[in-house]
Amino acid sequence: MTKIPYKIYLEEKEMPKQWYNVRADMKNKPAPILNPATLKPVTKEDLKPVFCDELIDQELDDTTPYIDIPEEIHTFYKMYRPSPLVRAYFLEKALDTPAKIYYKFEGNNTSGSHKLNSAIAQAYYAKQQGLKGVTTETGAGQWGTALSMACSFFGLDCKVYMVKVSYEQKPFRREVMRTYGADVTPSPSDTTQVGIKILEEFPGTTGSLGCAISEAVEAAVTNEGYRYVLGSVLSQVLLHQSVIGLETKTALDKYGIVPDIIIGCAGGGSNLGGLISPFMGEKLRGERDYRFIAVEPASCPSLTRGKYAYDYCDTGKVCPLQKMYTLGSGFMPSANHAGGLRYHGMSSILSQLYADGLMEAVSVEQTAVFEAAQKFARVEGILPAPESSHAIRAAIDEALKCKETGEAKTIVFGLTGTGYFDMTAYQKFNDHEMTDYIPSDADIEKSLSKLPKID
Ligand SMILES: *Cc1c(COP(=O)(O)O)cnc(C)c1O
């Protein structure tokens, strides 16, 4: 048998030429998104003031399985893709497990995460439409950084509303964005009506992704020639992120490797959705079976403790509503260090798959996540992002189960990014000052009691 190399690299010509839209193979499609004003399914016309035209088509398309990747995007992808699929030999050895562990590493670009895969697509379509610029929110800063890079590449203006806690904790992220030409505002801010309202209701709040989204949407619709772009949650983002899964599948197929378990961290669901899409497609078509595990922080447990219901995607209730696992759009997660996972809801695609029992979910506590991150960094070399480390935690836990049962399962997980801008969090962990905040049932009940009533 051929020895599996440490890194399975694809050639440029093996990169996908089309994205895969998993909705096409879903029997139960995600529920339609609703207009916040009328509570009726949105039309293309409703979305036009907010989103780019081509991206609206992708958002509403739940039947076309493959969508061409435009040449300009494919060319940009070549700057940092294909990304390697790494066999974690050192981790396996450290755990003394019979399991075979692989990770798909998406941190090998300046933004440090998978988010560039969708940023470049969204910036491209905005440019094609002749727009001046785009607005967005960013949590930990990875999305804002990715979008700044994409916008500077295409010569678009980029306005970023950055969740205040991250703006303060991560000044270096902010400066990377400004280096790429973006205009960065801490959110909530007094530069938008919705920001002013949120500040009145929650004085001193350190913000949330939901608030920042509301501000960015307002900035898009009130500035001529601007549209809003979002780095996760939306179905179009999962579509763009399918490059992760498609490359992973090509690399595994090359060596005849069939995974048993595929694991990813889940904030809004884009990297996990992208990683599992082609494999989920096989499962949906009845060709093969896999276990899929979404890993979320115990401090913001939308799948494991939320409710499957229609909810607003943002705190200010200006975005369309979608049916998803949610903790309520007013849920203010504690200042967890995995900023990219502090979102109250979940992709409507992943929510439907989870509701149908096609995917599992677990929640993990912050200190256990950093223990896994430290172990991984020490043996595999890469310093992982706190978000990615949620997937590492779950992969290690599954590998340790294999050690008990003696099963040599094949585990693939998504290593979404690097953690160089998260050293404040690592410092807390190294100084033994990290805590695990888990919301009480009462906290969650209170937030869920404010869900919109929709039949
Ligand atoms: C944003 C981010 C995530 C979470 O976002 P998803 O949309 O759920 O993928 C995970 N890891 C990293 C490094 C991120 O930047």
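Rules and cut-offs
- Residues numbered from 1 in each chain as written.
- Predicted model: local features only at pLDDT ≥ 70, side-chain atom pairs only at ≥ 80, totals over all residues.
- Heavy atoms only, no water.
- Helix = DSSP H or I, 4+ residues; strand = E, 2+ residues; numbered from the N terminus.
- Buried < 20%, exposed > 50% of the residue type's maximum accessible area, 1.4 Å probe, protein only.
- Contact = heavy atoms within 4.5 Å.
- Pairing = 2+ DSSP bridges.
- Axes fitted to C-alpha atoms, helices over the stretch in contact; angles between N-to-C directions.
- Core = buried A, V, L, I, M, F, W, Y, C linked by side-chain atoms within 4.5 Å.
- Domains from an automatic or database assignment.
- Polar contact = N/O pair within 3.5 Å; in protein donor to acceptor, adjacent residues only side chain to side chain.
- Parallel < 35°, antiparallel > 145°, perpendicular 65-115°, else oblique.
- Left-handed = near helix turned anticlockwise from the far one by under 90°.

### Some remarks on the environment of Ala-338
Residue placement: Ala-338 occurs in the loop between strand 13 (321–326) and helix 14 (348–355). For Ala-338, a relative accessible area of 2% gives the class buried. Sequence separation of Ala-338 and Thr-97 is 241 residues, and the distance between their C-alpha atoms is 28 Å. The residues touching Ala-338, leaving out its near neighbours within four places in the chain, are Gln-366, Pro-386, Glu-387 and His-390.

### Quick word on the sheet that holds strand 9 (residues 226–228)
Strand order in the open sheet made by the four strands is 8-7-6-9, with parallel pairing throughout. A strand with exactly one partner marks an edge of an open sheet, and here the two such strands are strand 8 (183–187) and strand 9. Ignoring strand direction, the axes of neighbouring strands in this sheet form an average angle of 25 degrees. Where strand 6 (residues 133–138) meets strand 9, three bridges bridge the pair, whose relative direction is parallel. Paired with Thr-135 across the bridge in strand 9 is Tyr-228.

### Quick look at the nonpolar core
Judged by nonpolar contacts, the single largest core of 75 residues is most densely connected at Trp-19, Ile-73, Tyr-77 and Met-359. In terms of residue count, the dominant contributor to this core is helix 5 (residues 116–128) (eight residues). Composition of this core by domain shows at least three residues from each of domain 1 (7–14 + 81–112 + 236–448) and domain 2 (18–68 + 113–233). One finds Ile-261, Leu-341, Ala-395 and Ala-399 within the second-largest nonpolar core, a separate group that totals 38 residues.

### What to know about the side chain of Ser-214
Summarising the element assignment, Ser-214 is placed in helix 10 (residues 209–222). On the basis of relative accessibility, which here comes to 0%, the residue Ser-214 falls in the buried class. Of note is the side chain of Ser-214, whose polar atom sits 2.8 Å from the side chain of Asp-314. Sequence-distant contacts of Ser-214, defined by excluding residues within four places in its chain, comprise Val-194, Asp-314, Thr-315, Gly-316, Lys-317 and Val-318.

### Things to note about the sheet that holds strand 1 (residues 7–8)
Across the sheet, which stays open at both edges, the seven strands sit in the order 1-4-5-15-10-11-14 with mixed pairing between neighbours. Across the chains shown, the open sheet's two edge strands, defined by having one partner strand only, are strand 1 and strand 14 (360–364). Judged from the five bridges that link them, strand 10 (residues 261–265) and strand 11 (residues 291–297) form a sheet pairing that is parallel. Looking across to strand 11, one finds that Gly-264 is bridged to Ala-294.

### Looking at the packing of helix 5 against helix 11 (residues 235–254)
Contact geometry of helix 5 with helix 11 gives a least axis separation of 8 Å together with a crossing angle of 125 degrees. If you check the angle between helix 5 and helix 11, you find them oblique. In this structure, helix 5 crosses over helix 11, and the sense of that crossing is right-handed. Along its contact with helix 5, which presents Asn-117, Ser-118, Ala-121 and Gln-122, the element helix 11 presents Gln-236, Val-237, His-240, Gln-241, Val-243 and Ile-244.

### What about the pairing of strand 6?
Across the six residues that make up strand 6, a large majority, six, are buried. Every second residue of strand 6 is oriented toward a common face, with Gly-133, Thr-135 and Glu-137 on one face and Val-134, Thr-136 and Thr-138 on the other, all of them buried. Bridging between strand 6 and strand 7 (residues 157–163) involves six bridges; their strand directions are parallel. Bridge assignment links Val-134 to a residue of strand 7, and that residue is Cys-158.

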